[in-house]
Amino acid sequence: MSIRPTQQSLYSLVTRGLGYNLSRLAHAQERVATGKEILRPSDDAVGTARALSMRRRLGLINRFQESVGTTRPVLETSTSALEEVSLVLRESRELMITGMSGSLSSDDREAIGQQLHLLLEKLVDVANTKIGDRFVFAGTETVNKPYTITSRDGKTAVNYNGNDQVQRIAVGFGTEIPINIPGSKVFGSSSVESVDLSGITGVKLGTTANQGEGFANLYFRHNATTGTPGSGITLVNGGDDDTILNNHSLTVDAVAGTVQLDDGVLFQIPDPSSAEYTDLTVVNNGGEEVHLDFSGYTGASSTAALFGEGSVSINGSVYIPIDFTETDLELVHPGNGTVLHINTTEVHRADAELVSFSGATDIFNVLAGAAADMKNAAGLESQEAVNRLELRYDELLRGLDQALKSLGTLGARTERLNSSEIRLETTTVNLEGLLAQVEDVDITTVILDMNQAEQTLQLAQATGSRLIQHTLLNYLR
Amino acid sequence: MPGIGLNTGLKALLAAQAALETTGHNISNSSTPGFSRQRLEVTASRALLQRGVRIGSGVSGNTIVRSSDALLLVRTTKQIATVNRLDAALGGMTEIEALMGEPGNFGLSSGISDFFGSISELSASTEDLVLRTGMVQMATAMTTQFNQLSSTMTTVRRDTANQVEIQAQKVNVITERIVMLNEEIGKTEVSGVPANDLRDKREESLRELSSYVDVQFNEDQNGVMRITTGGRLMVGGNKAFKLESVVGVDGDVEVFMEASDVPVKLKHGKIAGLIEVGDQFIPNLQAKMDRLAKNLIFEMNRLHSTGTPSEGNFTTLTSSYRLEDQDQDGSLSDELISRSGLPFDIQSGELFVNVTHRTSGDLNSTKILFNPNETTVGDFLDELNAIDGVNAALNSFNKIQIFADAGFGFDFAPRLNANPDKYGTLGGDRASLGAGQAGPYSLVDGDTMNLTGPVSSFSVAFNSVEFEEMSQATAEEMAAVLNSNADMQSNGLRAVVTADRLYVQTAATGVASTFTLDGGTSLAALSMAPGSTVFGSSTAVDLKIGGAYTGEGNNSYRFVPTSDGVIGTTPDLEVDVYNAGGQLVATLDLGDTYQPGTEIEVAEGITATFGFGSLSASENDSTLVNLIADSDTSDVLAALGINAIFTGTGAADIALRDDLVANPQAISAGFSGASGDNRALLAMMGLQSESISALDNDSIGNFYGDTISGVGFEISQAGSSREIGYFLLQNLETRREETSGVNVDEELVDMVRYEQSFNAASRFIQVLNELSDEILSLI
């Protein structure tokens, strides 16, 4: 303390003391009023940096939480859409099983075909499920309707306008969750497994690999029948209406009065007065037929070799003549790049053969094909139609599997989303706590501080007022 | 006798009166700033010899002295200067601190977070136009914050410069006053009388002066004070040297002494504090903010430039930065693009330009190589113009403008070419024969290649004029020679290059297409066997690449069959896949167990699907797939500002690109133009937590946080220094008060004392008077 205090130094001492305590009080008040420990960086430089960094992280986490919020409905919508898809496919499966039963009339089949067509339309509707502005099965082409259905000449085609891209969103630091399954993966082809033939023409697969998508029609055309039936019998129209291909034998048994193609059913030689006498259709077990004219029938028994010349094409594009010794004939469809290798040695009948590149077809195609087959648009015989339906049925099952797998994938993603959400919430709570520790005022401490400052101020005022009152002047007179 | 006595009494009266007056002076100035307590110096007068005794002749009080401590003054002025420097500096700094508004919800920190947040929101639903507009608004809000911070800092800096000028004028007033006081003190004290009050005034002026500048001072024998500051004379004798402040072109303030062109280095005082804020604190902070903004612009532009907007690819783009003709020769083409006045650096690297045919969707990806030490503006334009469907030119503002031809669109996205085998060099349907190794090939002048086509047998010669370096002949150069050969053309043959390998092919496709490589001297260098006849085939192998590349950095996969055979048929038919480094990354089994058209995994997220067809190792089949993680490793797009998101180069001019404001759909969200593609946005989001080497390996947010905390640290340090300074100053003031201050009580005591002295002296005179009267009555 000063040895020689003066009035000036006393005054400044008192004002200084009052000022100091008042500013302490004001600072405490400021902290209480704002609830913040750090009001400006200079209050606590290190704390500021920490607070800023934590706020940044919190901001990010909030965004992640928002993303989780936007993603959840997308996943949920996709899931319920896929559940509906599996229902539709199950229903289609039941219908196809019914339709394949041989006891149905063609009218019944047509009705089933109609129903299948309705299911197809429903499936397309589901595939075009939309949430907000976003089509969930369109890959990343989310604003374009992914599936369009077109029907022309009784044929139905469903086209995919989306892409195969997966959209990801960030739901954590370095955590991205895919939120969509492109329609091409849900409804599209799974993986190419093999090539199946419906197998009515006797064609077999060649030795070399094949390539193609979905279904293809292999058309075997009968061009001409060569060879002469024995016993004076002739071919109607020079054999133009026949369906035989390759080597066949025609046996006339004059004793029994029958005619037989290969090992097929015995046909009675018709009465000359009947219309059939000039055009008898002889069918063998495989369903091939020859048309015979008995006008010149000599009444003798005979066995003659007939040969059906033919040509083959995929989907009716380019027909190439069949050399019935070919074991690996390459057929190329220039339009879609389908390549098929066939063995023609056992081909015996002109007809349309359905080729299925199994696993390589989309479910819409299967349904559209099944509906068409049920209506028998191609005018097939019932066995052939059933064969075709069986091929389609296998594909339908694959499609159903595919849809269920996608459902599983979505389930796993929802799980990931849930765990991310929980993690985000925990982090938020932790960070907010930490931030409060750094940034927020501990009210008790501040109030204590404030009380202390207040008391000191009052004391200083009291002592100060006493101090500056005293002067010798009071006592001099 | 009474005469002497009377005189003694008179002296006592006068002394007491003078002492009383001094006390009165003290009391009246008890609260005058700078006043020093004065007191009368009294001594006993010389004794006179009277009647053999020496009798004292009373008191003599002839000088009034002030009590002051010269050393204390030196220390006080120093402390005043220190405290005032800190005070002034803190004033500016806290203004800036308040301006930044941190930590809070309205500072730039939230601005940056909100911006990245808006990217995140948009990435979750890219097709939402509202969110796109939201991102535009957030970006604009952030850039505005940058701009405002920068411009306000500039304003504060200008204000600081103005204050320096005003304070320099105040200094000049004070020094003038000190010169006048010097003169008066000299005049007064020449007669030996101390000029107490003038000295007090001078000391007070000195203290005031030291609040502006740090001063050193001394006094000569005549009481004239010389003052220097920063080692330069400010007041010398009767001359005051004026201070002048000058604002330099860079905005720095410098202070000059009159008639000198060397700036004065002030260490303390208000002016030094202001200069500290104006020349160091603010510019440093501005430099950091500029660095932050610059890197934000660059890094964001790097990520945005390779994206594509939801509208699909571009038909025209213009760079945002101007190129400058550095060598002033009137031509820009000869400038190195890395040294043509662009604000950002260009790396040695590659740029992929994708040109898509709008109707067919055919994609053509071209790689442009950059070497910052070689690639000129002209080279870049030439390379762009060489790409089919794209044209590039400099516009009248010296900005690069890229146009697509009608029916084409271009972009720079890291796209995966789904159909990489454009020449059919991997099982195509042309007759095709490749070199056994990749170029360059070591040819000698006049080397030949002899071929037999459907029309004729002929020989093609390779001459040195057609090559840059014959011993390092590239496949492209050889292909150019072959393709310009008339015999090649008439035989329907062509040469193509895949993965630096030379291939000779028929132009026609199908099983009928054929040619024979008869021989020639070049074959050894090409590792080709003479006498091979090759045929085309009816089906071309359809190679489709799918998936998404997950590898780090750009790479390429080269597909090479290990034997001859038919896909899906020939047992053990395999295709080896090599990366750009020549390492085997996968062997694909395409033998009899493979079903053509089935997708197979290659590596790093890439899948391949082989269609039906035959492959030939003996004909050196191969093809190359470019795998792009970063389609612009040269950073040339960001450096030029092509398809940028931000323009500008620093905090003052950072802005969202104009046309993005008008058309938020032009924000490049993805890499494909699909409405739900958010890959570019995800990359931009990642930037928030990415450490950037140009920002001391800090992330954007952290760098700003560090800057803010640095400001806070500097301020709190200056604040506590000022506290300590004040405390010391007050201590010194108290010490001064101890020596020079007026204690009124003390003065009152003195007053009573001198009053009593005066009374006593009067009494003494009265006694003497009575004595005289006694004597006189005797007469």
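Since we're looking at a predicted model, the values are computed, not measured.

Turning to empty space enclosed by the protein, a few remarks are in order. Residue and element names in this part refer to chain B. If you walk through the whole model with that rule in mind, you get two cavities of 30 Å³ or more. By volume, the second largest cavity amounts to about 70 Å³. S36, S68, D69, L72, L73, T76, E203, R207, R736 and S740 together form the lining of the second largest cavity. Elements represented by at least two residues in the lining of the second largest cavity include exactly α2 (70-100), α5 (196-212) and α14 (700-740). Looking at the lining of the second largest cavity element by element, the count peaks at three residues for α2. Residues belonging to the lining of the second largest cavity are distributed by class as follows: two nonpolar, four polar and four charged.

Roughly 970 Å³ of volume is contained in the second largest pocket. Around the second largest pocket, the lining is made up of 25 residues, and of these Y20 and S23 of chain A together with G719, R722 and E723 of chain B lie nearest the centre. For the lining of the second largest pocket, the secondary structure elements donating two or more residues are α1 (7-34) and α7 (443-469) of chain A together with α2 and α14 of chain B. Considering every element that reaches the lining of the second largest pocket, the biggest residue donor is α14 of chain B, with nine residues.

Glancing now at the side chain of S123 of chain B. For S123 of chain B, the position within the fold is in helix α3 (residues 108-124). When its relative accessible area of 1% is taken as the criterion, S123 of chain B is described as buried. Here S120 of chain B takes part through its backbone oxygen, which lies 2.7 Å from a polar atom of the side chain of S123 of chain B. Discounting residues that sit within four places of it in the chain, S123 of chain B has contacts with Q167 and I169 of chain A together with N678, L681, L682 and M685 of chain B.

This part is about the sheet that holds strand β17 (residues 408-411) of chain B. Residues and elements named next belong to chain B. Overall, antiparallel pairing links the three strands, which are arranged β14-β13-β17 in an open sheet. Pairing within the sheet leaves two strands with one partner each, and these edge strands are β14 (363-370) and β17. For this sheet, the mean angle separating the axes of adjacent strands, direction not counted, is 25°. Note that strand β13 (residues 349-357) and β14 share eight bridges and pair antiparallel.

All names here are of chain A. Examined against the element boundaries, F137 turns out to sit in the loop between β2 (134-135) and β3 (147-152). Judged by its relative accessible area of 1%, F137 falls in the buried class. In the structure, F137 is positioned 25 residues away from G162 in sequence and 7.7 Å away in space, judged by C-alpha atoms.

With that settled, the discussion passes to the domain arrangement of chain A. Looking at the assigned domains, one finds that chain A contains domain 1 (1-35 + 446-477), domain 2 (53-191 + 394-426) and domain 3 (194-358). Taking only C-alpha atoms into account, the centre of domain 1 of chain A sits 122 Å from that of domain 3 of chain A.

With that out of the way, let us pick up the interface of chain A and chain B. Listed as interface residues are 59 residues of chain A and, on the opposing side, 65 residues of chain B. Three residues stand out in chain A for area buried against chain B, namely R4, R56 and R63 of chain A, and they jointly supply 15% of the buried area on that side. For the interface between chain A and chain B, the tally reads four salt bridges. One salt bridge in this structure joins R4 of chain A and E746 of chain B, with 3.0 Å as the shortest N-O distance.

Turning our attention to the packing of aromatic side chains. Taken as a whole and judged by the stated rule, the model has 17 aromatic pairs over all chains. Relative to F364 of chain A, the ring of Y147 of chain A has its centre 4.7 Å away and its plane inclined at 50°; by these criteria the two rings are tilted. You can see Y147 of chain A sitting in strand β3 and its partner F364 of chain A sitting in helix α5 (residues 363-375), a full 217 residues away along the chain. Look at F364 of chain A and you get buried, because its relative accessible area is 1%. Look at F115 of chain B and F646 of chain B: their rings are 5.6 Å apart centre to centre, the planes differ by 55°, and that puts the pair in the tilted class. Here F646 of chain B lies in strand β34 (residues 646-647) and F115 of chain B lies in helix α3, a separation of 531 residues in the sequence. For F115 of chain B, a relative accessible area of 0% gives the class buried. On the basis of relative accessibility, which here comes to 0%, the residue F646 of chain B falls in the buried class. The structure contains a cluster of three or more aromatic residues connected by ring pairs, namely F137, Y147, Y160, F187 and F364 of chain A. The ring of Y319 of chain A carries the charged tip of R221 of chain A above its face, separated from the ring centre by 3.8 Å. Positioned above the aromatic ring of F241 of chain B is the side chain of K239 of chain B, whose terminal nitrogen or guanidinium carbon lies 5.3 Å from the ring centre.

Let us now look at the environment of A629 of chain B. All names here are of chain B. Along the chain, A629 turns up in the loop between β33 (623-627) and α11 (636-640). By relative accessible area, A629 is classed as partly exposed at 37%. Measuring from C-alpha to C-alpha, the distance between A629 and V136 comes to 27 Å, with 493 residues separating the pair along the chain. Excluding its chain neighbours within four sequence positions, the residues that come into contact with A629 are P414, Y549, G551, G553 and N554.

Looking now at the nonpolar core. With 153 residues, the main nonpolar core has L116, F187 and F364 of chain A together with F146, M300 and F646 of chain B as its most contacted residues. The element contributing the most residues to this core is helix α2 (residues 45-100) of chain A, with 18 residues. Within the second largest apolar cluster, 31 residues are counted, among which are Y441, F462, M470 and L523 of chain B.

Moving on to α7 of chain A. Residues and elements named next belong to chain A. The end-to-end C-alpha distance of α7, which contains 27 residues, comes to 39 Å, matching closely the 39 Å that a straight helix rising 1.5 Å per residue would cover. Residues of α7 that are buried include every one of V446, A453, L457, A460 and G464, and no others. Of the surrounding secondary structure, the elements contacted by the buried residues of α7 are α1.

Moving on: the packing of α2 of chain A against α5 of chain A. All names here are of chain A. Across the interface, α2 lies against α5 with an axial gap of 11 Å and an inter-helix angle of 30°. Here α2 is positioned roughly parallel relative to α5, judged by the angle of their axes. Every pair of crossing elements has a handedness; the one defined by α2 and α5 is left-handed. Where α2 approaches α5, its residues L89, S92, L95, M96, G99 and M100 are matched on the opposing element by I363, L367, A370 and M374. Its residues assigned to classes, the contact of α2 with α5 shows eight nonpolar, two polar and no charged.

So, how was this worked out
Residues numbered from 1 in each chain as written. Chains lettered and ligands numbered in written order. Predicted model: local features only at pLDDT ≥ 70, side-chain atom pairs only at ≥ 80, totals over all residues. Heavy atoms only, no water. 1 Å grid on protein atoms, 1.4 Å probe; cavity = no way out; pocket = protein on both sides within 12 Å on 5 of 7 lines; lining within 4 Å. Points joined across faces, edges and corners; volume = space filled by probe spheres on them. Helix = DSSP H or I, 4+ residues; strand = E, 2+ residues; numbered from the N terminus. Nonpolar A, V, L, I, M, F, W, Y, C, P; charged D, E, K, R; others polar. Buried < 20%, exposed > 50% of the residue type's maximum accessible area, 1.4 Å probe, protein only. Polar contact = N/O pair within 3.5 Å; in protein donor to acceptor, adjacent residues only side chain to side chain. Contact = heavy atoms within 4.5 Å. Pairing = 2+ DSSP bridges. Axes fitted to C-alpha atoms, helices over the stretch in contact; angles between N-to-C directions. Domains from an automatic or database assignment. Buried area = accessible area lost by both parts, 1.4 Å probe. Salt bridge = Lys/Arg side-chain N within 4 Å of Asp/Glu carboxyl O. Phe/Tyr/Trp six-rings, centres within 6.5 Å; stacked < 30°, edge-to-face > 60°. Lys NZ or Arg CZ within 6 Å of the ring centre and 35° of its normal. Core = buried A, V, L, I, M, F, W, Y, C linked by side-chain atoms within 4.5 Å. Expected span 1.5 Å × (residues − 1). Parallel < 35°, antiparallel > 145°, perpendicular 65-115°, else oblique. Left-handed = near helix turned anticlockwise from the far one by under 90°.

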